[in-house]
Amino acid sequence: MNISINNPIIAGNWKLHKTIPEALDLVKDIKKAASEVEKAELIVIPPFTALAPVRDVLEDSKIHVGAQNVYWEEKGAYTGEVSPSMLMDAGCRFVVIGHSERRQYFGETNETVNRKIKSALPHGLAAIMCIGETQEERESEKTTEKINRQLEEGLEGLTAGDLENVIIAYEPIWAIGTGLTATPEQAEEVHAFIREFLVQNYGNDIASCAIILYGGSVKPANTYDLLAQKNINGALVGGASLDAESFIQIAKQGLKAYEEKK
Ligand code: 13P
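Residues numbered from 1 in each chain as written. Predicted model: local features only at pLDDT ≥ 70, side-chain atom pairs only at ≥ 80, totals over all residues. Heavy atoms only, no water.

## A word on the overall build of the protein
Secondary structure assignment for the protein yields 12 helices and eight strands. A globule of 262 residues ought to have a C-alpha radius of gyration of about 18 Å, and the protein, at 17 Å, matches this closely. Taken along the three principal axes of its C-alpha coordinates, the protein extends 45 × 45 × 35 Å. Within the protein, the fraction of its 262 residues that count as buried is 53%. A total accessible area of about 11,700 Å² is found for the protein, and carbon and sulfur atoms account for 49% of it. (Helix = DSSP H or I, 4+ residues; strand = E, 2+ residues; numbered from the N terminus. Rg over C-alpha atoms; globule rule 2.2 N^0.38 Å. Buried < 20%, exposed > 50% of the residue type's maximum accessible area, 1.4 Å probe, protein only. Areas by Shrake-Rupley, 256 points an atom, 1.4 Å probe, with all protein chains shown as cover.)

Below, the structure written as structure tokens:
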């Protein structure tokens, strides 16, 4: 994966938003403003229909393109699905796998997440695996148990080498699209737990370079405090990534936090 943990990684998940003309407007504005945040690693994650047009705009830029989902079969009678090589063909190098909305509305499980990661990596796609607890799980102090199970089952059978191409995104479900953000301390506690899981299972070298993103109502005003935390390497942004100005502001705040961390 061609991005480093030494700079903040800011990924914009556009979810089910933007027609092709709207996507082009947004990505052109992001591209124009990206020179203000040159050191940040930006990833845009449009809907499938806009992937190739967005990639064309970004061909001469260092902004990366990702997809929101993938299927594990290469080809065949699987109506409605998109394969890893189709994503590569459309110019993606990243793919979000197991977003909580896919788990909640489309029946994805840790097992399907695992199959998807295993099919994506050999094609050269880096996986952004999403995990997170519900409000109820947090209130009944089941957060780490849930996270541990999602990591164990989602990453089952992957080698340390594979992990170089896996980004973990911690997105507490109660913070997604709600305006509620985990406090920096709450987020850091889970991020540190994730990093420790990686140390125990894949060793120090892999764990210390692993990218762990936070997602859930990230906006310019809360980015600095979140990304100033030791184990938070960037943000997976939903709503606030649909506007170029706020997406770039988030990257600016991320860079500021990284300056302090150095
Ligand atoms: P919001 O930033 O809209 O809360 O969405 C977060 C998210 O789900 C990103 O994948």
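## Some words on the packing of helix H7 (residues 143–154) against helix H9 (residues 184–202)
Close contact between H7 and H9 brings their axes to 11 Å; oriented N to C, the two are set at 40°. Here H7 is positioned oblique relative to H9, judged by the angle of their axes. You can see that H7 and H9 cross each other, and the crossing is right-handed. Only Val 190, Phe 193, Ile 194 and Phe 197 of H9 make contact with H7, whose side of the interface consists of Thr 143, Thr 144, Ile 147, Asn 148, Leu 151 and Glu 152. Looking at the contact of H7 with H9 residue by residue, the class counts come to six nonpolar, three polar and one charged. (Axes fitted to C-alpha atoms, helices over the stretch in contact; angles between N-to-C directions. Parallel < 35°, antiparallel > 145°, perpendicular 65-115°, else oblique. Left-handed = near helix turned anticlockwise from the far one by under 90°. Contact = heavy atoms within 4.5 Å. Nonpolar A, V, L, I, M, F, W, Y, C, P; charged D, E, K, R; others polar.)

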